[in-house]
Structure formats: C-alpha cells, structure tokens
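Read off the chains here:
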Amino acid sequence: MTATLFDLTFLVVAPFWALMILAPKWSWTERIAESYLIVLPPALIYVVLLVPELSTVLPLVTRPEIGPLAEYLATDTGTALAWAHMLAWDLFVGRWMYLEGRRLDVHPLVMAPVLVITILLAPAGLPLFLVIRKVCDAKNRGAAVVTGQ
C-alpha cells in the first residue's frame, strides 16, 4: 500500500501543476487554483501514511537527530511520508505563486519556468519568485504613480 500511495501522491498533484504551467490564463485554472482544496489530496495521503506511524514519527520530529531521522526516511514509509509532505507543501507554495503572478500580471513565459523549478526544487523556486514579485510590485507601483492612481 505504501508504494501505491507514494505513486498516487504525484498523480494527484500533477494536474494542478499542469494547469498552472501550461494553461495559466484559462479561466478554470484560476478558479481551481483559488481553492485551498487542491492541497487536500496529497495532505490526505500524508495523513493516511502518518496515522499508523504516529508513535514512530512524533519522537523523530519533536527531538530531531540526524541519525534516527535518516534511518526512518530511508524506509519505504518514511520516504512516502516525506514525499507526500513535500508535494503538498510545494503545491501550496506553487498555488500562492501562481495566484500572485496572476495578480501582478507576470507573463506566463516568466512564471512557467519558475513554477517548473518550484515543482522540482521548491526551495530554489520560492526565492526566485520573490525577486520577480518584488520587481513587478515596484513596476506596478511606479505605473500607478504615473497614471495618478
């Protein structure tokens, strides 16, 4: 069951990423991304994997030590839990980046690579987006001053 849930985790997030990257201006993409519910599928998989492991996981996260944590993450269940955790969080962050990009009118050809980096290497995609966000925010504020808004 663990391997199946591991495989399923990517399958439940991939459609949302595909919409945000490949169809960012489609009206349904924004409607779907506006819902926090898109993060529920990988979060539920995480919970299903976590519940039977709670007595093992709690000590590892409340008193983290590299050795025991590495040993646990090297198990099938530990890997599946970490994967579900990462994909749920990455989707949550990617969703926010997509919505912010739309709000700031960031061109899809700028956002697409940032979202691809985020789905693959989230901690690298977030600071990249924050720089883009800062630049676009400053540009938008400057345009509002010029137009008198």
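The text that follows walks through the structure, step by step, so that each part is easy to find. (Residues numbered from 1 in each chain as written. Predicted model: local features only at pLDDT ≥ 70, side-chain atom pairs only at ≥ 80, totals over all residues. Heavy atoms only, no water.)

**Points about the overall build of the protein**
Working step 1: Check the secondary structure of the protein and you find seven helices and zero strands.
Working step 2: Its helices and strands taken in sequence order, the protein reads α-α-α-α-α-α-α from the N to the C terminus.
Working step 3: Projecting the C-alpha coordinates of the protein onto the three principal axes gives extents of approximately 60 × 30 × 20 Å.
Working step 4: A buried classification covers 34% of the 149 residues belonging to the protein.
Working step 5: In the protein, once contacts between residues fewer than 6 apart in sequence are set aside, the share between residues at least 24 apart is 72%.
Working step 6: Carbon and sulfur atoms provide 71% of the accessible area of the protein, an area that totals close to 9,000 Å².
Working step 7: In the protein, which carries 10 positive and 11 negative side-chain charges, the distance between the mean positions of the two groups comes to 16 Å. (Helix = DSSP H or I, 4+ residues; strand = E, 2+ residues; numbered from the N terminus. Buried < 20%, exposed > 50% of the residue type's maximum accessible area, 1.4 Å probe, protein only. Contact = heavy atoms within 4.5 Å. Areas by Shrake-Rupley, 256 points an atom, 1.4 Å probe, with all protein chains shown as cover. Lys, Arg positive; Asp, Glu negative; His and termini not counted. Charge placed at Lys NZ, Arg CZ, Asp CG, Glu CD.)

**A closer look at empty space enclosed by the protein**
Working step 1: Per the counting criterion, the structure on display carries one cavity of 30 Å³ or more.
Working step 2: Put simply, the largest cavity is a space of about 40 Å³.
Working step 3: Forming the boundary of the largest cavity are Pro24, Tyr98, Gly101, Arg102, Val106, His107, Pro108 and Met111.
Working step 4: No other element matches helix α6 (residues 76–103), which puts three residues into the lining of the largest cavity.
Working step 5: Here the lining of the largest cavity is composed, by residue class, of five nonpolar, two polar and one charged. (1 Å grid on protein atoms, 1.4 Å probe; cavity = no way out; pocket = protein on both sides within 12 Å on 5 of 7 lines; lining within 4 Å. Points joined across faces, edges and corners; volume = space filled by probe spheres on them. Nonpolar A, V, L, I, M, F, W, Y, C, P; charged D, E, K, R; others polar.)

**Observations concerning the side chain of Arg95**
Working step 1: Considering the arrangement of structural elements, one finds Arg95 in helix α6.
Working step 2: Buried Arg95, no salt bridge; nearest opposite-charge side chain is Glu34, N-O distance 7.9 Å.
Working step 3: A distance of 3.4 Å separates the side chain of Arg95 from the backbone oxygen of Ser35, its partner in a polar contact.
Working step 4: Apart from residues lying up to four places away in sequence, Arg95 is in contact with Met20, Ala33, Glu34, Ser35, Tyr36 and Ile38. (Salt bridge = Lys/Arg side-chain N within 4 Å of Asp/Glu carboxyl O. Polar contact = N/O pair within 3.5 Å; in protein donor to acceptor, adjacent residues only side chain to side chain.)

**Quick notes on the pattern of salt bridges**
Working step 1: This structure, assessed with the given rule, holds three salt bridges.
Working step 2: The salt bridge involving Glu30 is made with Arg102; its shortest N-O contact spans 3.6 Å. Placement of Glu30 in helix α2 (residues 27–33) and of Arg102 in helix α6 is noted, with a sequence separation of 72 residues between them.
Working step 3: Note on Glu30: relative accessible area 26%, which makes it partly exposed.

**A short note on the side chain of Asp90**
Working step 1: Its location among the elements puts Asp90 in helix α6.
Working step 2: Here Asp90 sits buried without a salt bridge, and the closest side chain of opposite charge, Arg95, lies 14 Å off (N-O distance).
Working step 3: Residues in contact with Asp90, not counting those within four places in the same chain, are Trp17, Thr118, Ile119 and Ala122.

Keep in mind that these numbers describe shape and distance, not what the molecule does.
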